[in-house]
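# Inside the fold
Here are the chains, one letter per residue:
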Amino acid sequence: MAELKRLLDEFGIIHDAMKILPDTRLKVEFLEALAELENNECHRTRSFPKTRLHRVRGIKQAIYRADIDKISGWRIHIQYVDGNIVLKDVIEGSRHDDVIQVIKTKKGRYS
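Right, let's walk through the structure included here. As the structure is a computational prediction, the values presented were derived from the model and not from experiment.

Now for the overall build of the protein. The number of helices and strands found in the protein is four helices and five strands. Ordered by position from the N terminus, the helices and strands of the protein form the series β-α-α-α-β-β-β-β-α. Relative to the compact-globule value of 13 Å for 111 residues, the protein shows a C-alpha radius of gyration of 13 Å, a close match. Over its C-alpha atoms, taken along the principal directions, the protein stretches across nearly 40 × 35 × 25 Å. Within the span of the protein, comprising 111 residues, buried residues form 41% of the whole. Look at the contacts in the protein between residues 6 or more apart in sequence, and 43% of them connect residues 24 or more apart. Of the roughly 6600 Å² that the protein leaves accessible, carbon and sulfur atoms contribute 50%. Of note, the protein has its 21 positive side-chain charges centred 6 Å away from the centre of its 17 negative side-chain charges.

Structural data, given as structure tokens:
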């Protein structure tokens, strides 16, 4: 069995995503993205083929973006806290391009 990284959902992101994702296909892809983020082997090798996890540039905090679906534009924002993955936000496809503005509007979530 694969070793898992601990995933924390302090803001109810999983619940919110299941409410706001527009269709079943995106909901399944969201769960697949979470599974990849939890997989410690992906972190060890720094290989994230589904989510293309990468750090957000242009912002002081270490905030990372992961794709739910590249084509639709839906994204997950995460941060690492004490070796754990903390879900910070789900960004809808129409807002993913202005990532810094999205982060600034909810800056209380980001440490």
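The next thing to look at is the packing of helix α1 (residues 13–20) against helix α2 (residues 24–38). The geometry of α1 relative to α2 is characterised by a closest axis approach of 9 Å and an angle of 155° between their N-to-C directions. Here α1 lies roughly antiparallel to α2, going by the angle between them. For the crossing formed where α1 meets α2, the hand is right-handed. Packed against α1, whose contacting residues are I13, I14, A17 and M18, the element α2 presents K27, F30, L31 and L34 at the interface. Taken together, the residues of the contact of α1 with α2 sort by class into seven nonpolar, no polar and one charged.

This model, assessed by the stated rule, comprises one aromatic pair. For the pair Y64 and Y80, a centre-to-centre distance of 5.2 Å together with 80° between the ring planes defines the contact as edge-to-face. Placement of the pair is Y64 in strand β3 (residues 64–67) and Y80 in strand β4 (residues 75–81), with a sequence separation of 16 residues.

Procedures and definitions
- Residues numbered from 1 in each chain as written.
- Predicted model: local features only at pLDDT ≥ 70, side-chain atom pairs only at ≥ 80, totals over all residues.
- Heavy atoms only, no water.
- Helix = DSSP H or I, 4+ residues; strand = E, 2+ residues; numbered from the N terminus.
- Rg over C-alpha atoms; globule rule 2.2 N^0.38 Å.
- Buried < 20%, exposed > 50% of the residue type's maximum accessible area, 1.4 Å probe, protein only.
- Contact = heavy atoms within 4.5 Å.
- Areas by Shrake-Rupley, 256 points an atom, 1.4 Å probe, with all protein chains shown as cover.
- Lys, Arg positive; Asp, Glu negative; His and termini not counted.
- Charge placed at Lys NZ, Arg CZ, Asp CG, Glu CD.
- Axes fitted to C-alpha atoms, helices over the stretch in contact; angles between N-to-C directions.
- Parallel < 35°, antiparallel > 145°, perpendicular 65-115°, else oblique.
- Left-handed = near helix turned anticlockwise from the far one by under 90°.
- Nonpolar A, V, L, I, M, F, W, Y, C, P; charged D, E, K, R; others polar.
- Phe/Tyr/Trp six-rings, centres within 6.5 Å; stacked < 30°, edge-to-face > 60°.

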